[in-house]
Amino acid sequence: MVPVTSAPGLHRALPVPDGLEGQRVDQALSRLFGLSRTAAAEVADAGHVVVDGRVRGKGDRLTGGSWLEVELPPPPGEPAPPKPVQGMAVLHDDDDLVVVDKPVGVAAHPSPGWDGPTVIGGLAAAGYRISTSGAAERQGVVHRLDAATTGVMVVAKSERAYTALKAAFKERTVAKGYHALVQGHPDPSRGTIDAPIDRHPRHDWKFAVVSGGRPSITHYEVTEAFAAASLVDIRLETGRTHQIRVHFSALRHPCVGDTTYGADPTLAARLGVSRQWLHAVRLGLPHPADGRWVQFTSEYPPDLAGALGVLRAEA
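Residues numbered from 1 in each chain as written. Predicted model: local features only at pLDDT ≥ 70, side-chain atom pairs only at ≥ 80, totals over all residues. Heavy atoms only, no water.

Novice: So what exactly am I meant to see when it comes to the overall build of the chain here?
Specialist: Regarding its fold elements, the chain presents seven helices and 15 strands. Its C-alpha atoms give the chain a radius of gyration of 21 Å, within 12% of the compact-globule value 20 Å for 315 residues. Projected onto its principal axes, the C-alpha coordinates of the chain cover approximately 65 × 45 × 35 Å. A separation of at least 24 residues holds for 64% of the contacts in the chain among residues at least 6 apart in sequence. Surface exposure of the chain reaches about 15300 Å², of which carbon and sulfur atoms provide 51%. Charge centroids of the chain, computed over 33 positive and 34 negative side chains, lie 2 Å from each other. (Helix = DSSP H or I, 4+ residues; strand = E, 2+ residues; numbered from the N terminus. Rg over C-alpha atoms; globule rule 2.2 N^0.38 Å. Contact = heavy atoms within 4.5 Å. Areas by Shrake-Rupley, 256 points an atom, 1.4 Å probe, with all protein chains shown as cover. Lys, Arg positive; Asp, Glu negative; His and termini not counted. Charge placed at Lys NZ, Arg CZ, Asp CG, Glu CD.)

Given below as structure tokens:
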């Protein structure tokens, strides 16, 4: 086993269960030990996974019955105290839920490798009580926005709300609306993208349209067209990670500024955009207390509004 400097007692050795036959190392570690895919990949990248006496990488496939040895990371220490999040506005607050307008550069909840501000930490620092349901690091979180995506996000405050909202998202009775500025001009200007999404086959830090992926459906309509870009109104039927970014990249119309998914950096630079132009503009859902429909909206933040202003001035 490759020497490690982690805390003692974290060495694990066991035969690979038959149910993990053919799975990637990082997928298997995630299922076996409850690690996130990112944390599992980091364990493999550090050389801490050995199968039948050979060090294996995160993308290697496992064979049932092989002897697996792993050095797991030490358990986390005391969590850092919650910190206020500058620029995060509360749009609504009641006994069951709190709705925020999330600024750029803020993650939904703590995760391995992220040491920046989070919605959950910001709410805790501001004195909001959050549901204790869900995994420890994401208690109260029923849906997420990427750190670079801005706009409306709801968090459950009561246990009743957490259960009801998770069910609403699963049953697709929540209306999630986004605006995106995408490169070029989608054709047709109104349509539905129905393409399965899963982790990218070669770069597991991002996602892609892949055969056999999870069903993913995006409805869109171009509302303004400019010389080099289009403003698109989007309604999500499903909520996969990076769904909008992946779907429009697959159409060869990536979100402006989204270099991860193939956007032209020169256009973003000209418009003053340093991230993907994507904003959660509205969120409608049945209120957990009585089922009545409630909807919340968010205005564009200054950087996105400024980019749109440049395009309109040039038109």
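After that view, the rundown keeps rolling.
Novice: Explanation requested: the UniProt feature "active site" (unreviewed entry) in the chain in the structure shown.
Specialist: Under the UniProt annotation, the feature "active site" (unreviewed entry) is placed at Asp 146. Mapped onto the secondary structure, Asp 146 falls in the loop between α3 (119–125) and β7 (150–156). What Asp 146 contacts, discounting residues up to four positions off in sequence, is Lys 102, Val 106, His 242, Arg 245 and Gln 276. (UniProt positions renumbered as here; feature names shortened; annotations may be inferred.)

Novice: Could you clarify how one ought to interpret the pattern of salt bridges in this entry?
Specialist: Any two side chains of opposite charge can pair, given that their charged atoms come close. For the coordinates displayed, the defined rule picks out twelve salt bridges. The shortest N-O distance in the salt bridge between Lys 157 and Asp 93 comes to 2.6 Å. One end of the pair, Lys 157, is in the loop between β7 and α4 (159–170); the other, Asp 93, is in strand β5 (residues 89–93), with 64 residues separating them in the sequence. You can call Asp 93 partly exposed: its relative accessible area is 39%. Of the charged contacts in the structure, one is a salt bridge between Arg 172 and Glu 237, with a shortest N-O distance of 3.7 Å. Of this pair, Arg 172 sits in the loop between α4 and β8 (175–183) while Glu 237 is found in the loop between β13 (229–236) and α5 (243–250), placing the two residues 65 residues apart along the sequence. Judged by relative accessible area, Arg 172 falls into the partly exposed class, the value being 42%. (Salt bridge = Lys/Arg side-chain N within 4 Å of Asp/Glu carboxyl O. Buried < 20%, exposed > 50% of the residue type's maximum accessible area, 1.4 Å probe, protein only.)

Novice: Would you mind going over the packing of aromatic side chains with me for this structure?
Specialist: Any pair of aromatic rings gets described here by the distance separating the centres and the angle formed by the planes. If you walk through the whole model with that rule in mind, you get two aromatic pairs. Both rings, one in Tyr 220 and one in Phe 248, keep their centres 5.6 Å apart while their planes meet at 75 degrees; by these two values the pair is edge-to-face. Here the residue Tyr 220 occupies a position in strand β12 (residues 217–225), and Phe 248 occupies one in helix α5, the gap between them amounting to 28 residues. Between Trp 277 and Tyr 300, the ring centres sit 5.1 Å apart and the planes meet at 75 degrees, which makes this aromatic pair edge-to-face. (Phe/Tyr/Trp six-rings, centres within 6.5 Å; stacked < 30°, edge-to-face > 60°.)

Novice: Hey, could you run me through the layout of surface pockets in this one?
Specialist: A probe as big as a water molecule, rolled over the atoms, marks out the empty space that is left. Quantified by volume, the second largest pocket comes out at close to 180 Å³. For the second largest pocket, the lining is made up of ten residues, of which Arg 24, Gln 27, Arg 61, Arg 199 and His 200 are closest to its centre. Looking at side-chain class alone, the lining of the second largest pocket contains two nonpolar, two polar and six charged residues. Summarising the domain contributions, the lining of the second largest pocket has at least three residues from each of domain 1 (10–72) and domain 3 (172–314). (1 Å grid on protein atoms, 1.4 Å probe; cavity = no way out; pocket = protein on both sides within 12 Å on 5 of 7 lines; lining within 4 Å. Points joined across faces, edges and corners; volume = space filled by probe spheres on them. Nonpolar A, V, L, I, M, F, W, Y, C, P; charged D, E, K, R; others polar. Domains from an automatic or database assignment.)

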